[in-house]
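Commentary on secondary and tertiary structure
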Amino acid sequence: MGSSSTDDFSVVVLASDLGIDARPFLSSTDRDAEVPEENWHDCPSYFISDEDFSDLDALQFFRLERGSNKSGNRIFRIVGKYLPAPVVSGERLKKYIFHKIFSEMPEGPYCIVYMHSTVQKEDNSPGLTILRWIYEELPSEHKDRLQIVYFIHPGLRSRLVFATLGRFFLSGGLYWKIKYISRLQYLWEDIKKGEVEIPEFVQSHDDVLEHRPLTDYGIEPDPLHLTEIPSTAYSFGRYEERWTSREYMS
């Protein structure tokens, strides 16, 4: 009869319900054959939202333009005057913006053209805190793809708010991407005409600012056009002198 083998061997029994990691007991060959771990990425619920946004689409305050700037960045246009802020909650505004970005924006970098013309704080502004909240909730990839924000027709108040509080309420990346555009002629240096649609009231406001440049600083020269009325100061002065002379004579 053949001799029995004297080689030692061991058996390791692992219970499946003990939660023990068995990888240390596997050979290098078995470990290499393991399936790589899957990387799960959070997908915002707004991307798969079935909510009807047809009412907000009709307002046209946030939409993707067909054109691009001279650097090849696709354009998202925001018209502040078209946003009825009192009747659109911050949560629904966030869902809508996320829905538009994830469903319409193509791959690659993009920019934002924000038109602040004739915006009223009470009627059209959702607030700096809500805007910051929406931006911070964007995935880092979309933040990095945003190259520049053109801020058209910023008023004196907007400039002061962003200059004093912008660094605290906006992340550094967004704060330094804002480019103020006081006139449309400066926008055409970065974007060709026709690449972004300019509403008529924005063009009209730009024409007013061109003839009254002091309005950029919150100064409205002669808002009632009083300079067109003949002055009567001299005639009043003559009557005052007459009354004064009578008092001295009495």
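Just so we're clear, the structure is a prediction, and the values are computed from it rather than from any experiment.

About the thresholds
- Residues numbered from 1 in each chain as written.
- Predicted model: local features only at pLDDT ≥ 70, side-chain atom pairs only at ≥ 80, totals over all residues.
- Heavy atoms only, no water.
- Helix = DSSP H or I, 4+ residues; strand = E, 2+ residues; numbered from the N terminus.
- Buried < 20%, exposed > 50% of the residue type's maximum accessible area, 1.4 Å probe, protein only.
- Polar contact = N/O pair within 3.5 Å; in protein donor to acceptor, adjacent residues only side chain to side chain.
- Pairing = 2+ DSSP bridges.
- Axes fitted to C-alpha atoms, helices over the stretch in contact; angles between N-to-C directions.
- Phe/Tyr/Trp six-rings, centres within 6.5 Å; stacked < 30°, edge-to-face > 60°.
- Lys NZ or Arg CZ within 6 Å of the ring centre and 35° of its normal.
- pLDDT = per-residue confidence, 0-100.
- Contact = heavy atoms within 4.5 Å.

Turning to the side chain of Lys143, a few remarks are in order. With respect to the helices and strands, Lys143 occurs in helix α6 (residues 140-145). Judged by its relative accessible area of 17%, Lys143 falls in the buried class. Reaching out from Lys143, the side chain makes a polar contact with the backbone oxygen of Glu136 at a distance of 3.2 Å.

Bringing the side chain of Arg183 into the picture now. Turning to its location among the elements, Arg183 is positioned in the loop between β5 (178-181) and α10 (184-187). From its side chain, Arg183 meets the backbone oxygen of Leu209 in a polar contact 2.9 Å long.

Here we take up the sheet that holds strand β3 (residues 110-115). The mixed open sheet is built from five strands, whose spatial order is β1-β2-β3-β4-β5. The open sheet is flanked by β1 (62-68) and β5, the only strands paired with a single partner. The average angle at which neighbouring strand axes cross in this sheet is 25°, direction not considered. Summarising the sheet, strand β2 (residues 74-79) and β3 pair through six bridges and their orientation is parallel. Across the sheet, the residue bridging to Phe76 is Ile112, located in β3.

For β1, the tally of buried residues reaches five of seven residues, placing the bulk of the element in the interior. In the sheet, β1 pairs with β2 via four bridges, with the strands oriented antiparallel. Each residue of the ladder has a partner; that of Phe62, found in β2, is Ile78. In this antiparallel pair of consecutive strands, β1 and β2, the connection spans five residues, and Gly72 shows a positive phi of 90°.

In this section: the packing of aromatic side chains. The full count for this structure, using the stated rule, is nine aromatic pairs. The residue whose ring lies beneath Lys143 is Tyr135, and the NZ or CZ to ring-centre distance is 5.4 Å.

Right, let's talk about the confidence of the model for the protein for a bit. Interpretation of this model should avoid reading the predicted coordinates in detail wherever pLDDT is low. Taken over all residues, the pLDDT of the protein has a mean of 76, while the share at 70 or more is 65%. Across the protein, β2 holds the top mean pLDDT of 97, while helix α12 (residues 233-249) sits lowest at 46. Between residues 33-42, whose pLDDT stays under 50, and residues either more than four places distant or in other chains, the model counts three contacts. When the criterion is pLDDT under 50, residues 224-250 qualifies, and its contacts beyond four places in sequence or with other chains add up to two contacts.

Here the focus is unusual backbone geometry. Positive phi outside glycine occurs at Gln60, with the angle close to 60°. Note that Gln60 resides in the loop between α2 (54-59) and β1. Under the relative-accessibility criterion, Gln60 is labelled partly exposed at 31%. Here the phi dihedral of His153 falls at roughly 55°; this positive angle occurs in a residue that is not glycine. Topologically, His153 is positioned in the loop between β4 (146-152) and α7 (156-164).

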